[in-house]
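Chain and residue survey
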Amino acid sequence: NAGVTQTPKFRVLKTGQSMTLLCAQDMNHEYMYWYRQDPGMGLRLIHYSVGEGTTAKGEVPDGYNVSRLKKQNFLLGLESAAPSQTSVYFCASSRTANQPQHFGDGTRLSIL
Amino acid sequence: DQQVKQNSPSLSVQEGRISILNCDYTNSMFDYFLWYKKYPAEGPTFLISISSIKDKNEDGRFTVFLNKSAKHLSLHIVPSQPGDSAVYFCAASGGFDSWGKLQFGAGTQVVVTP
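Residues numbered from 1 in each chain as written. Chains lettered and ligands numbered in written order. Predicted model: local features only at pLDDT ≥ 70, side-chain atom pairs only at ≥ 80, totals over all residues. Heavy atoms only, no water.

Section: the side chain of B:Ser74
Inspection of the secondary structure assignment puts B:Ser74 in strand β8 (residues 72-77). B:Ser74 has contacts with B:Leu21, B:Asn22, B:Trp35, B:Thr63, B:Val64 and B:Phe65, leaving out every residue within four places of it along the chain. (Helix = DSSP H or I, 4+ residues; strand = E, 2+ residues; numbered from the N terminus. Contact = heavy atoms within 4.5 Å.)

Focus: a nonpolar patch on the surface
On the surface, B:Ile18, B:Ile20 and B:Val78 cluster together into a nonpolar patch covering about 230 Å² of accessible area. Secondary-structure assignment places B:Ile18 in the loop between β2 (10-14) and β3 (19-25). (Patch = residues over 30% accessible without salt bridge, like charges linked within 9 Å, V, L, I, M, F, W, Y side chains within 5 Å. Areas by Shrake-Rupley, 256 points an atom, 1.4 Å probe, with all protein chains shown as cover. Salt bridge = Lys/Arg side-chain N within 4 Å of Asp/Glu carboxyl O.)

Concerning the sheet that holds strand β1 (residues 4-5) of chain B
Read across the open sheet, the five strands follow the order β1-β3-β8-β7-β6 (chain B); overall the sheet is antiparallel. This sheet does not close on itself; its edge strands, each paired only once, are β1 and β6 (56-59) of chain B. (Pairing = 2+ DSSP bridges.)

Some words on the interface of chain B and chain A
Think of interface size as the accessible area that goes away when the parts come together; that is how it is often given. Every contact between the two is made by 19 residues of chain B and, on the other side, 21 residues of chain A. Taken together, both faces of the contact between chain B and chain A bury some 1600 Å²; the carbon and sulfur share is 60%. Taken together, the links from chain B to chain A amount to zero salt bridges. Counting the contacts that link chain B with chain A gives three residue pairs in polar contact (both at pLDDT 80 or more). Looking at the side of chain B that touches chain A, the elements that each hand over two or more residues are β4 (32-38), β9 (86-93) and β10 (103-104) of chain B. In terms of residues, the side of chain B that touches chain A owes the most to one element, β4(B), which gives four residues. A per-class count over the side of chain B that touches chain A returns 11 nonpolar, five polar and three charged. (Buried area = accessible area lost by both parts, 1.4 Å probe. Polar contact = N/O pair within 3.5 Å; in protein donor to acceptor, adjacent residues only side chain to side chain. Nonpolar A, V, L, I, M, F, W, Y, C, P; charged D, E, K, R; others polar.)

Description of the nonpolar core
Residues and elements named next belong to chain B. Counting residues in each nonpolar core, the largest one holds 23 residues, and the members touching the most others are Phe 33, Trp 35, Leu 73, Leu 75 and Tyr 88. Every element with two or more residues in this core is listed here: β3, β4, β5 (45-51), β7 (62-67), β8, β9 and β11 (108-113). When residues of this core are assigned to their parent elements, the largest contribution, four residues, is made by β9. With residues near it in sequence (within four places) discarded, Phe 33 still touches Tyr 25, Ile 48, Ser 49, Ile 50, Leu 66, Leu 73, Ala 91 and Ala 92. (Core = buried A, V, L, I, M, F, W, Y, C linked by side-chain atoms within 4.5 Å. Buried < 20%, exposed > 50% of the residue type's maximum accessible area, 1.4 Å probe, protein only.)

Examining unusual backbone geometry
Residues other than glycine predominantly adopt negative phi, and peptide bonds predominantly adopt the trans conformation. Put simply, A:Thr7 and A:Pro8 share a cis peptide bond, and its omega is -5°. Tracing the backbone through its elements, the reader meets A:Pro8 in the loop between β1 (4-7) and β2 (10-13). At the junction of B:Val78 and B:Pro79, the peptide bond is cis and its omega measures out at -10° in the coordinates. Turning to its location among the elements, B:Pro79 is positioned in the loop between β8 and β9. For B:Ala41, which is not glycine, the phi dihedral falls at a positive 65°. For B:Ala41, the location among the structural elements is in the loop between β4 and β5. Even without being glycine, B:Lys71 reaches a positive phi, approximately 55°.

See the structure below:
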């Protein structure tokens, strides 16, 4: 009964370091999304995928890359971390475009 | 440019009374609206949705109302319970090439007092 699982839950990076956030879903959903949430703001879409092997840019894609090599996994990469990328990152998935998205519990990322 | 706005950052309500949360949007292409509930250190949890072909949707204690002409939706929680204390996000999607992409409001912190 896992739903959407995000790894890791917390991470501290130094400016310029790289890392990958992993999202895994076990609901066989086609659509997957990465959001970031900053204080006083709603969630903003970084990248999304409408199926295995596809990715597309969201509202705030700069500084991030994604890959969806397997249907159940959606990876978010930071090639050269910047303090402005300090945020809480949420992954979500949905069966179709017009069905509710299911969210993971987030990854809290701090860039020093 | 924020297309979904929740103008009340916080709401305090007594247990057993009605909670009314409001949300305004600017994009007339939005045709699917959702409310999410979020507890600290957890991801948002889907609460209720409504499509633009309806003006009301009800699920237990939760009712969402949509006023398309005013570009306004609201969430009513009756009766409010202590477990309803959380942040509530309004979200919307729709239009050409939307692919289910959601635009979120900034959230309303609800506190239910005994």
